[in-house]
Amino acid sequence: LPLCFPQKLWEMLESDQFRSIWWSEGGKCVAIHKDLFEVEVLGRGVCQRVFNTQHIRSVIRQLNLYGFTKVQRDFQRSASLPEFLSEEAAASAHSQILYYYNPSFNRAHPWLLGTCKRR
């Protein structure tokens, strides 16, 4: 039987094969480096494909369908211009990372994976 989306996602997170997706927030969130994910996961050949898509939008749609919500990161900004500019550069690089949360998708509670149902 083919694995459903949450199971595939879990296996990717637990594998050391992928650098573009990892557990964040102590295993409570999924972090995806958007550009790297597009190359490393979605850019694979047909035989090695993890998901039946080559588009990050489709993966995000699946996350939403399974009850994941995007987590926004807030940055405190400095008042001084040099510090502000360096923080802006860091925030820009950080904006490539997408964070998603689902209360039933938690590394410390793998038994909850079965409750991740498609809406």
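Residues numbered from 1 in each chain as written. Predicted model: local features only at pLDDT ≥ 70, side-chain atom pairs only at ≥ 80, totals over all residues. Heavy atoms only, no water.

Our working definition: UniProt positions are given in the numbering used here, feature names are shortened, and annotations may be inferred rather than shown by experiment.
Looking at an unreviewed UniProt entry, one finds the chain named HSFY1 protein and attributed to Cardinalis cardinalis. If you open the UniProt record of the chain and go to Sequence similarities (unreviewed entry), you find "Belongs to the HSF family." What the UniProt record of the chain gives under Subcellular location (unreviewed entry) is the line "Nucleus".

## Digging into the overall build of the chain
Our working definition: Strands are runs of DSSP state E lasting at least 2 residues, helices are runs of H or I lasting at least 4, and numbering of each runs from the N terminus. Accessibility here uses a 1.4 Å probe with only protein chains present; expressed as a share of the type maximum, an area under 20% marks a residue as buried, one over 50% as exposed, and anything in between as partly exposed. Contacts between residues were defined by any pair of non-hydrogen atoms, one from each residue, lying within 4.5 Å. For accessible areas, the Shrake-Rupley method is used with a probe of radius 1.4 Å. Any residue's cover is judged against the shown protein chains and nothing else.
A count of helical and extended segments in the chain gives 4 helices and 4 strands. Element order for the chain, N to C, with α for helix and β for strand: α-β-β-α-α-β-α-β. By residue count, 36% of the 119 residues in the chain fall in the buried class. In the chain, once contacts between residues fewer than 6 apart in sequence are set aside, the share between residues at least 24 apart is 58%. Of the roughly 7500 Å² that the chain leaves accessible, carbon and sulfur atoms contribute 52%.

## Looking at the sheet that holds strand 3 (residues 69-70)
Cut-off, in case you're wondering: When DSSP finds at least two bridges between two strands, those strands are taken to pair. What counts as an axis is a line fitted to C-alpha atoms, over the stretch in contact for a helix, and the angles between N-to-C directions run from 0 to 180 degrees.
The strand order across the open sheet built from 4 strands is 1-2-4-3, with neighbouring strands paired in antiparallel fashion. With partners counted over all chains shown, the strands left at the sheet margins are strand 1 (21-24) and strand 3, one partner each. Where strand 1 and strand 2 (residues 29-33) come together, 4 bridges link them in antiparallel fashion. Residue pairing in the sheet places W23 in a bridge with V30 of strand 2. Those strands touched by helix 1 (residues 5-14) are strand 1 and strand 2, and its axis lies near 85° from that of strand 1.

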